[in-house]
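One letter stands for each residue in the lines below.
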Amino acid sequence: MKHTSLVVSLLLTFLFAISANAQGWKAGVARAVITPQGAIWQGGYASRTHASDGKLHDLCAKALALQDANGKRAVLVTTDLLGFPKPMSDRIRQRLQQSLGLAKADVILNSSHTHSGPVLGKALQDIYPVGPPEQATIDAYTRWLEDQVVQLVTKAFADLEPAELFSQNGVTRFQVNRRNNKEASLREQTELRGPNDYAVPVLKVLNRRGVLKAVAFGYACHPTVLDLYQLSGDWPGFAQLELEKTYPGATALFFQGAAGDQNPLPRRTIPLARQYGREMAVAVERVLDEPMRALPAQLGTAYAEIDLKLNPVPSDADLTRLTTHKDAYMQRWATRMLAEKKAGVQFISSYPYPVQVWNVGGQSLFSFGGELVIEYALEIKKRFGPDAFVLAYSNDVMGYVPSETILKEGGYEGDSSQMVYGLPSTWTTGLQAQILAEVERLAGPLGLTKAAPK
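Each residue is numbered by its place in its chain's sequence as written, counting from 1. Only residues with pLDDT of at least 70 are given local features in this predicted model, and only at 80 or more are side-chain atom pairs given and counted; all residues enter the totals for whole chains, interfaces and linings. For the side-chain quantities, the full set of heavy atoms in the structure was used; hydrogens and water were omitted.

**What to know about helix 10 (residues 411–420)**
Thinking step 1. In terms of burial, helix 10 is largely enclosed, as seven of its 10 residues are buried.
Thinking step 2. We call a residue buried when its accessible area falls under 20% of the maximum for its residue type, exposed when it is over 50%, and partly exposed in between, using a 1.4 Å probe and counting protein chains only. Put simply, DSSP H or I for four residues or longer makes a helix, DSSP E for two residues or longer makes a strand, and each gets a number counted from the N terminus. Taken together, the buried positions of helix 10 are Glu413, Gly414, Ser416, Ser417, Gln418, Met419 and Val420.
Thinking step 3. Whether two residues are in contact is decided by their heavy atoms, any of which lying within 4.5 Å being enough. Looking at the buried side of helix 10, the elements it contacts are helix 7 (328–342), strand 17 (400–401) and helix 9 (404–409).

**Here we look at the environment of alanine 61**
Thinking step 1. Residue placement: alanine 61 occurs in strand 2 (residues 60–67).
Thinking step 2. Judged by relative accessible area, which is 1%, alanine 61 ranks as buried.
Thinking step 3. Taking the C-alpha atoms as reference points, alanine 61 and threonine 79, 18 residues apart in sequence, are found 4.3 Å from one another.
Thinking step 4. If we ignore the near neighbours within four places in the chain, the residues touching alanine 61 are Ala30, Arg31, Ala32, Ile34, Thr78, Thr79 and Leu152.

**Concerning the sheet that holds strand 13 (residues 350–360)**
Thinking step 1. Strands are labelled as partners when DSSP assigns at least two bridges between them. Ordered in space as 12-13-14-16, the four strands form an open sheet in which the pairing is mixed. Pairing within the sheet leaves two strands with one partner each, and these edge strands are strand 12 (299–309) and strand 16 (389–391). Between one strand axis and the next, the sheet turns by 15 degrees as a mean value, whatever way the strands run.
Thinking step 2. Of the strand pairs in this sheet, strand 13 and strand 14 (residues 363–368) are connected by six bridges, and their pairing is antiparallel. Lines fitted to C-alpha atoms define the axes here, with helix axes fitted over just the stretch in contact, and angles between the N-to-C directions of these axes take values from 0 to 180 degrees.

**A closer look at the nonpolar core**
Thinking step 1. Among buried residues, the Ala, Val, Leu, Ile, Met, Phe, Trp, Tyr and Cys ones that are joined through side-chain atoms within 4.5 Å form a nonpolar core. In this structure, Val75, Tyr353, Phe366, Phe368, Leu372, Ile380 and Trp427 are the most contacted members of the largest nonpolar core, which totals 88 residues.
Thinking step 2. The biggest single contributor to this core is helix 3 (residues 132–158), with nine residues.
Thinking step 3. Excluding its chain neighbours within four sequence positions, the residues that come into contact with tryptophan 427 are Leu308, Lys309, Leu310, Asn311, Tyr351, Met398, Tyr400, Val401, Pro402, Leu407 and Gln418.
Thinking step 4. Core analysis: the next-biggest nonpolar cluster, separate from the first, contains 31 residues, Cys221, Leu272, Ala273 and Tyr276 among them.

**Let's talk about the packing of aromatic side chains**
In this description, a pair of aromatic rings is defined by centroid distance and the angle of the planes.
Thinking step 1. Two rings from Phe, Tyr or Trp (for Trp, the six-membered ring) form a pair when their centres sit within 6.5 Å of each other. Planes less than 30 degrees apart are called stacked, planes more than 60 degrees apart edge-to-face, and all others tilted. Evaluated as defined, the whole model comprises 12 aromatic pairs.
Thinking step 2. Relative to tyrosine 128, the ring of tryptophan 41 lies with its centre 5.1 Å away and its plane at 35 degrees, an arrangement referred to as tilted. Here tyrosine 128 lies in the loop between strand 4 (107–111) and helix 3 and tryptophan 41 lies in the loop between strand 1 (25–33) and strand 2, a separation of 87 residues in the sequence.
Thinking step 3. Residue class for tryptophan 41 comes out buried when judged on its relative accessible area of 6%.
Thinking step 4. Seen in terms of ring centroids, tyrosine 400 and tyrosine 412 are 5.3 Å apart; in terms of plane orientation they differ by 75 degrees. Their pairing is edge-to-face. Here tyrosine 412 lies in helix 10 and tyrosine 400 lies in strand 17, a separation of 12 residues in the sequence.
Thinking step 5. Take tyrosine 412: its relative accessible area is 31%, and that puts it in the partly exposed class.
Thinking step 6. An aromatic cluster of three or more residues is present, and its members are Phe174, Phe217, Tyr219, Trp235, Phe254 and Tyr276.

**What to know about the packing of helix 8 (residues 374–384) against helix 11 (residues 431–443)**
Thinking step 1. The interhelical angle for the contact between helix 8 and helix 11, taken along N-to-C directions, is 40 degrees, at an axis separation of 12 Å. Between helix 8 and helix 11, the angle falls in the class oblique. In this structure, helix 8 meets helix 11 at a crossing whose hand is right-handed. The segment helix 8 lies against helix 11, with Tyr376, Glu379, Ile380, Arg383 and Phe384 engaging Leu431, Gln432, Ile435, Leu436, Val439, Glu440 and Ala443.
Thinking step 2. Considering only residue class, the contact of helix 8 with helix 11 consists of eight nonpolar, one polar and three charged. Note on angle classes: values under 35 degrees are labelled roughly parallel, values over 145 roughly antiparallel, values of 65 to 115 roughly perpendicular, and the remainder oblique. Each crossing gets its handedness from the near helix: less than a right angle anticlockwise from the far helix is left-handed, clockwise is right-handed. For this classification, the nonpolar set comprises Ala, Val, Leu, Ile, Met, Phe, Trp, Tyr, Cys and Pro, the charged set comprises Asp, Glu, Lys and Arg, and every other residue, Gly included, is treated as polar.

**Concerning the pairing of strand 4**
Two faces make up the sheet, and in a regular strand the side chains alternate between them.
Thinking step 1. Among the five residues of strand 4, five are classified as buried, and the element is accordingly described as predominantly covered.
Thinking step 2. Every second residue of strand 4 is oriented toward a common face, with Val107, Leu109 and Ser111 on one face and Ile108 and Asn110 on the other, all of them buried.
Thinking step 3. Sheet analysis places strand 3 (residues 73–79) next to strand 4, joined by five bridges and oriented parallel. Residue valine 75 lies in a different strand from strand 4, and its bridge partner there is valine 107.
Thinking step 4. Handedness of a crossover is defined as follows: with both strands directed away from the viewer, a clockwise route from the first strand across the helix to the second makes it right-handed. Regarding the hand of the β-α-β motif, the stretch spanning strand 3, helix 2 (residues 86–100) and strand 4 is right-handed.

**Comments concerning the packing of helix 2 against helix 3**
Thinking step 1. Contact pair helix 2 / helix 3: the axes reach a minimum separation of 10 Å and the direction vectors enclose 35 degrees. The two elements helix 2 and helix 3 cross, and the hand of that crossing is right-handed. Contacts from Met88, Arg91, Ile92, Arg95, Leu96 and Leu100 in helix 2 reach Thr142, Leu145, Glu146, Asp147, Val149, Val150, Val153, Thr154 and Phe157 in helix 3.

**Details of the pattern of salt bridges**
Thinking step 1. For salt bridges, the criterion is a side-chain nitrogen of Lys or Arg within 4 Å of an Asp or Glu carboxyl oxygen. Scanning all chains against the criterion turns up 31 salt bridges.
Thinking step 2. Close ionic contact of glutamate 438 with arginine 441 constitutes a salt bridge, the shortest N to O distance being 2.6 Å. With glutamate 438 and arginine 441 both in helix 11 and three residues apart, the pair spans about one turn of that helix.
Thinking step 3. In this structure glutamate 438 comes out as buried when scored by relative accessible area, which is 11%.
Thinking step 4. Linked through salt bridges whose partners overlap, the residues forming this network are Lys86, Asp90, Arg93, Lys104 and Glu305.

**A few points about unusual backbone geometry**
Thinking step 1. Omega for the bond connecting glycine 194 with proline 195 falls within 30 degrees of zero, at 5 degrees, which places this linkage in the cis form.
Thinking step 2. A cis amide bond links leucine 265 with the next residue in sequence, proline 266, at an omega value of -5 degrees.
Thinking step 3. Its place among the elements puts proline 266 in the loop between strand 10 (262–264) and helix 5 (270–289).
Thinking step 4. At tyrosine 393, a residue that is not glycine, the phi angle is positive and equals roughly 55 degrees.
Thinking step 5. Tracing the backbone shows tyrosine 393 in the loop between strand 16 and strand 17.
Thinking step 6. Of note in this structure, asparagine 395 is not a glycine but carries a positive phi near 70 degrees.

In structure tokens, the structure reads:
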């Protein structure tokens, strides 16, 4: 009898172990409407002269919470925003660590970079002539939004249920490299010049009944079709609406890629924004309908902030010349810099740049802060394979992150954009190698190995 009891006990232990190992993924989703109530300054275009005056559609924040077979958890947050400034992002992630035990490595705060969303916090302080009343509106909205994001993530984890995950890359081609193709002469061109990356990364989440619960998808292209005073998610907003109409009950989450030098062209009309949204939705639908790679329930995350060096602050003479620049934001930046120099302000000489890597069941995901240009995505895929997912505009959007080539060439992405974001100077050479070296350092322990050279 004792022998029988022992056998039964061992058998139950064995079956429990098998069950635990086969437990699989759990996934949860949540959404929140984050459209500001009333007029607010919109981020993205220095040419704007007043606050918003309505909306085309609601802005949303969405969260996809994941838990693997061992209980490891992480969350992807996507938003119809220009980008999270560092102070706001830090506060949100600190609160999530305190309430849910999530480390920075476990949280991605991605923004679509729509230029039709609200200004946040003290970001873009030199672009617009924002007075105290307008700044008070921005600050109040920012505080409210922080609460919404924390509550959103909490709700997503409360929604956890058994799930299956799949990944695959699709393709669509409305992105255009804006440094190599001039918008004004685009119609006369017979071919587009690169570099480009037309990949549409797709993560499919099925619930326990095999029904689509969520689809997270990305693309590397500025949401700059629209320059209106109406709030909207631009083409990514229309793409998400289209997918959720096609798949009732599912949550569509858009994450922005390395879009720093990629524009949707042609642009400037609402029908074009809808068109690109539909093109993206169709590209995602095709991937969902075809065989996708099943992802085992194993999750690994890593995160670091590296010091990217900045060049010395411009001289007083150079700043004085800029105070008469044709662009008002350059004038405001130079004037502020001169005043702060006179007041003895100690300017930063480097910036803590965020780099993040996830291994989602063998699907590599690389996440970066700032307006990363497309050469980084291409280099990541050379090193880790063409199926890698590359996200930018994550956790902290402090400025453009040019490649070494663009840094030497200068222009907006390599030089003057630093003033748009209020940084005291441009990046030093060597930043690309430093960022990619950190990616490799983080990826190794997660089991993400470099691709074999062809």
